[in-house]
Amino acid sequence: MRKIVKICTLIIVLALTFGGVYWFIIHPKTYKYDTAVKNGDVVIGAGGLANVDKFHSFIKNVENKQPDKIRITAFSKEGYPKIFDLDFDGIIIKCTTEIYLVEITLKNMENIQR
């Protein structure tokens, strides 16, 4: 029985180790600058800015309270992407990253501007 527990524990530890290596080292670099540009992302990185017109269009749609969504990808010097999906439904902007979700209402934005 102890042998089975040790083997199962070893398998779980190895799976978590390889999974962690993939998600924190290999996976982040699989989404390259050129891929983000081709996908239509608003891109910020060592290669410069790309698709900025989409960001300006998104801002205009927010001002006019027209639903819109964009993806912004910012690359670190090392090439790691940080992805932000902005989704405006006419009232609320939802900003989603791979870590957390933030919601900002237009009322809050108006209070901040005053």
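See the structure above.
Everything in this summary refers to the structure shown in the same document. (Residues numbered from 1 in each chain as written. Predicted model: local features only at pLDDT ≥ 70, side-chain atom pairs only at ≥ 80, totals over all residues. Heavy atoms only, no water.)

## Concerning the environment of E78
So, point 1. Here E78 lies in the loop between β3 (68-75) and β4 (81-88).
So, point 2. Among the residues examined, E78 registers a relative accessible area of 52% and is labelled exposed.
So, point 3. Here the alpha-carbon distance between E78 and A46, two residues 32 residues apart in the chain, equals 9.2 Å. (Helix = DSSP H or I, 4+ residues; strand = E, 2+ residues; numbered from the N terminus. Buried < 20%, exposed > 50% of the residue type's maximum accessible area, 1.4 Å probe, protein only.)

## Quick word on the pairing of strand β1 (residues 42-45)
Each regular strand carries side chains that alternate between the two faces of the sheet.
So, point 1. Taken together, the three bridges between β1 and β3 define a ladder with parallel strand orientation. Bridging from a neighbouring strand, V43 pairs with T73 of β3.
So, point 2. When β1 meets strand β2 (residues 48-50), the two strands line up antiparallel, connected through three bridges. Across the sheet, residue G45 finds its bridge partner in β2, namely G48. (Pairing = 2+ DSSP bridges.)

## Examining the side chain of T97
So, point 1. Relative to the elements of secondary structure, T97 occurs in the loop between β5 (92-96) and β6 (101-105).
So, point 2. Given a relative accessible area of 9%, T97 falls into the buried group.
So, point 3. Those residues within four positions of T97 in sequence are excluded, and the remaining contacts are I83 and F84. (Contact = heavy atoms within 4.5 Å.)

## What about helix α3 (residues 52-63)?
So, point 1. In a regular helix each residue adds 1.5 Å, so 12 residues correspond to 16 Å; α3 covers 17 Å between its end C-alpha atoms and thus fits that length.
So, point 2. Among all positions of α3, only F58, N61 and V62 are buried. Down the axis of α3, the buried side of the element spans an arc of 100 degrees, and every buried residue falls inside it. Away from the buried face of α3 by more than 90 degrees, exposed residues D53, K60 and E63 are located.
So, point 3. K65, located one to two residues past α3, shows a positive phi value of around 60 degrees. (Expected span 1.5 Å × (residues − 1). Arc of directions from axis to C-beta.)

## Remarks on the nonpolar core
So, point 1. In this structure, V42, F58, V62, I70, I72, L86, F88, I93 and C95 together form the largest nonpolar core, which totals nine residues.
So, point 2. Broken down by secondary-structure element, the contributors of at least two residues to this core are α3, β3, β4 and β5.
So, point 3. Filtering out sequence-adjacent residues up to four positions away, L86 remains in contact with F58, D68, K69, I70, I72, I93, K94 and C95.
So, point 4. A36, V43, A50 and I83 belong to the second largest nonpolar core, which has six residues in total. (Core = buried A, V, L, I, M, F, W, Y, C linked by side-chain atoms within 4.5 Å.)

## Some thoughts on unusual backbone geometry
So, point 1. Here the phi dihedral of N51 falls at roughly 60 degrees; this positive angle occurs in a residue that is not glycine.
So, point 2. Note that N51 resides in the loop between β2 and α3.
So, point 3. Residue N51 is classed as partly exposed on the basis of its relative accessible area, which comes to 22%.
So, point 4. Here the phi dihedral of K65 falls at roughly 60 degrees; this positive angle occurs in a residue that is not glycine.
So, point 5. Residue position: K65 is located in the loop between α3 and β3.

In short, shape yes, function no, at least from these values alone.
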